[in-house]
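Descriptive analysis of the structure
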Amino acid sequence: MVDLAGQHEKIRDEINSAINQVFNTTAFIKGPDVAAFENELSGFLGIKHVIGCANGTDALQLALMALELPEGSEVITPDFTFVATAEVVKLLKLTPVLVDVDPDTFNLDIEKLKAAITEKTKVIIPVHLFGQCADMNAIMQIAEEHNLFVVEDNAQAIGADYNYKGKTVKAGTIGHIGCTSFFPSKNLGAAGDAGAVFTNDDVLADKIKSVANHGQDSQYIYREIGINSRLDTFQAAILRIKLRHLGEYNEARQKAAAAYDAAFASNPELQIPVRAKESTHIFHQYTLRVKNGKRDALGKYLDEHKIPNKVYYPVPIHVHTPYATGSRFDVAALKTSIMLGEEVISLPMHTELSADQLEFITVTINNFFKH
Ligand SMILES: *Cc1c(COP(=O)(O)O)cnc(C)c1O
């Protein structure tokens, strides 16, 4: 699905010298690369504060902890996504409210989101799934009307642009807090686990920093219960280098997506990724919908032809045991989420796809539909 080795080869020397530098200084914890990366990322995103942390799931947890929500608060999150959002909500003894997604963009369905809001709702966590933004213009307006926080899960859309009220801004910088992951296969990937939280709010930034550092006020003086979640210096040093390539990485993915689109657009049994109106798409995943119940057969055919493929995500959140109870959802309203679990398939998507590889993948897939 990804070619991390091919990507690494091109920056190997730069990375090696950055790693050596960290060893030379032995500043393994909170070394100068951490603050430098946070500053560089904040410049790239056009946001005031970036706080590095250990991974993307921690980023979401830190965001919710910083909001100090009253017990019993409800947090709206998509039913069709990676588990991390619902997971941290549950972990903090809050109630996930699982909302259906749009069949074209796979992002939060705005009408169903509106219908899910109650007195207890305090936060919306839109996930910018597969590389393009949820309908943030609508989501921010709803949040304003109901006095809700918005925490963007930007783990899959770092570097995407969004037309927010007529102004181009970076994904993840629109809500009160943005969260991201630098898991190695993400568009901006570290060489291990890493993540970050971002915000324009000084008070929230201060709170997030404290919570990420054991709730420490000044040395060995604690003002609240926190966690220990740090961005590792080695990862920061590596991310500094890779951030400089993020634009070109995202363009390489868009080019591969365009080749897939061209090959599949006229296939009536496939739905190519629909582009959201106000967002660019940076293709964390290239995800097709396969019609007529043929998804699993296509997956098997691709396996036989040694073409990597994967279903993100086969089982909606509300079905899994830990979320089937203690969450709020209406199964009848989750039709799209359930349908997508049966129809979607993701193809190899990364920065190193060659014309030959794309040709082989697209011809093989179109051959499958000729049988
Ligand atoms: C990867 C991912 C996360 C979690 O990131 P980790 O760094 O693996 O903890 C959260 N949300 C989404 C949508 C993701 O894709």
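For the structure given in this document, a descriptive report is provided here. (Residues numbered from 1 in each chain as written. Predicted model: local features only at pLDDT ≥ 70, side-chain atom pairs only at ≥ 80, totals over all residues. Heavy atoms only, no water.)

What follows deals with the overall build of the protein chain. Looking only at helices and strands, the protein chain features 14 helices and 14 strands. The globule rule puts the C-alpha radius of gyration for 371 residues at 21 Å, and the 21 Å found for the protein chain is close to it. Along the three orthogonal principal directions, the C-alpha set of the protein chain runs to about 70 × 55 × 40 Å. Looking at the protein chain as a whole, 56% of its 371 residues qualify as buried. Within the protein chain, residue pairs in contact and separated by at least 24 positions form 73% of the contacts whose partners lie at least 6 positions apart. Only carbon and sulfur atoms are counted for the fraction: they give 52% of the accessible area of the protein chain, which is about 16,100 Å². Taken together, the 35 basic and 46 acidic charged side chains of the protein chain have centroids lying 1 Å from each other. (Helix = DSSP H or I, 4+ residues; strand = E, 2+ residues; numbered from the N terminus. Rg over C-alpha atoms; globule rule 2.2 N^0.38 Å. Buried < 20%, exposed > 50% of the residue type's maximum accessible area, 1.4 Å probe, protein only. Contact = heavy atoms within 4.5 Å. Areas by Shrake-Rupley, 256 points an atom, 1.4 Å probe, with all protein chains shown as cover. Lys, Arg positive; Asp, Glu negative; His and termini not counted. Charge placed at Lys NZ, Arg CZ, Asp CG, Glu CD.)

This paragraph deals with the environment of Q357. Its location among the elements puts Q357 in helix α14 (residues 355-368). Residue Q357 is classed as partly exposed on the basis of its relative accessible area of 36%. Along the primary structure Q357 and I307 are separated by 50 residues, whereas in three dimensions their C-alpha atoms are 9.5 Å apart.

It is worth spelling out the sheet that holds strand β4 (residues 121-124) at this point. Taken in spatial order, the seven strands make up an open sheet running β1-β9-β8-β5-β4-β2-β3, and their pairing is mixed. This sheet does not close on itself; its edge strands, each paired only once, are β1 (49-53) and β3 (95-99). Put simply, the sheet's adjacent strands are angled 25° from each other on average, direction ignored. Sheet topology places strand β2 (residues 74-78) next to β3; five bridges connect them, and they run parallel. (Pairing = 2+ DSSP bridges. Axes fitted to C-alpha atoms, helices over the stretch in contact; angles between N-to-C directions.)

A word on the side chain of T351. As for its position among the elements, T351 is in the loop between β14 (344-347) and α14. A residue is classified by how much of its surface remains accessible, and T351, at 14% relative accessible area, is buried. Here Q7 takes part through its side chain, which lies 3.2 Å from a polar atom of the side chain of T351. In terms of polar contacts, T351 uses its side chain to reach the side chain of E352, at 2.6 Å. When near neighbours in sequence (up to four residues on either side) are disregarded, T351 contacts Q7, Y249, A252 and R253. (Polar contact = N/O pair within 3.5 Å; in protein donor to acceptor, adjacent residues only side chain to side chain.)

Let us look at the nonpolar core. Within the largest apolar cluster, 28 residues are counted, with the highest numbers of intra-cluster contacts made by L62, L64, L67, V123, I125, V151 and I177. Taken together, the elements giving at least two residues each to this core come down to β1, α4 (56-66), α5 (84-91), β8 (177-181) and α8 (202-212). Ranked by size, the runner-up nonpolar core spans 27 residues in total, among them V99, I124, I139 and A171. (Core = buried A, V, L, I, M, F, W, Y, C linked by side-chain atoms within 4.5 Å.)

Here the focus is the packing of helix α2 (residues 12-25) against helix α9 (residues 233-243). Here α2 crosses α9 at 150°, and the two axes come no closer than 9 Å. For the pair α2 and α9, the crossing hand works out as right-handed. Across the interface between the two elements, E14, I15, A18, I19, V22 and F23 from α2 touch T233, F234, A237, I238 and I241 from α9. The class makeup of the residues in the contact of α2 with α9 is nine nonpolar, one polar and one charged. (Left-handed = near helix turned anticlockwise from the far one by under 90°. Nonpolar A, V, L, I, M, F, W, Y, C, P; charged D, E, K, R; others polar.)

Running from N to C, helix α3 (residues 32-45) and α9 cross one another at 35°; their axes reach a closest spacing of 8 Å. The way α3 lies across α9 gives a crossing that is left-handed. Side by side, α3 and α9 meet where D33, V34, A36, F37, E40, L41 and F44 of the first sit next to T233, A236, A237, L239, R240 and L243 of the second. The residue inventory of the contact of α3 with α9, partitioned by class, reads nine nonpolar, one polar and three charged.

Moving on: the state of the cysteines. Counted by the stated rule, this structure contains zero disulfides. The thiol sulfur of C53 is not disulfide-bonded, and the nearest other cysteine sulfur, from C179, lies at 7.6 Å. (Disulfide = S-S within 2.5 Å.)

So, about the pairing of strand β9 (residues 195-199). Among the five residues that make up β9, five are buried, leaving the element largely enclosed by the rest of the structure. Neither face of β9 is left uncovered, since the one carrying G195, V197 and T199 and the one carrying A196 and F198 both have all their residues buried. Sheet analysis places β1 next to β9, joined by five bridges and oriented antiparallel. Note on β9: the bridge partner recorded for G52 is A196. Sheet topology note: the β8/β9 ladder contains four bridges and is antiparallel. When the bridges of β9 are listed, S181 appears paired with G195.

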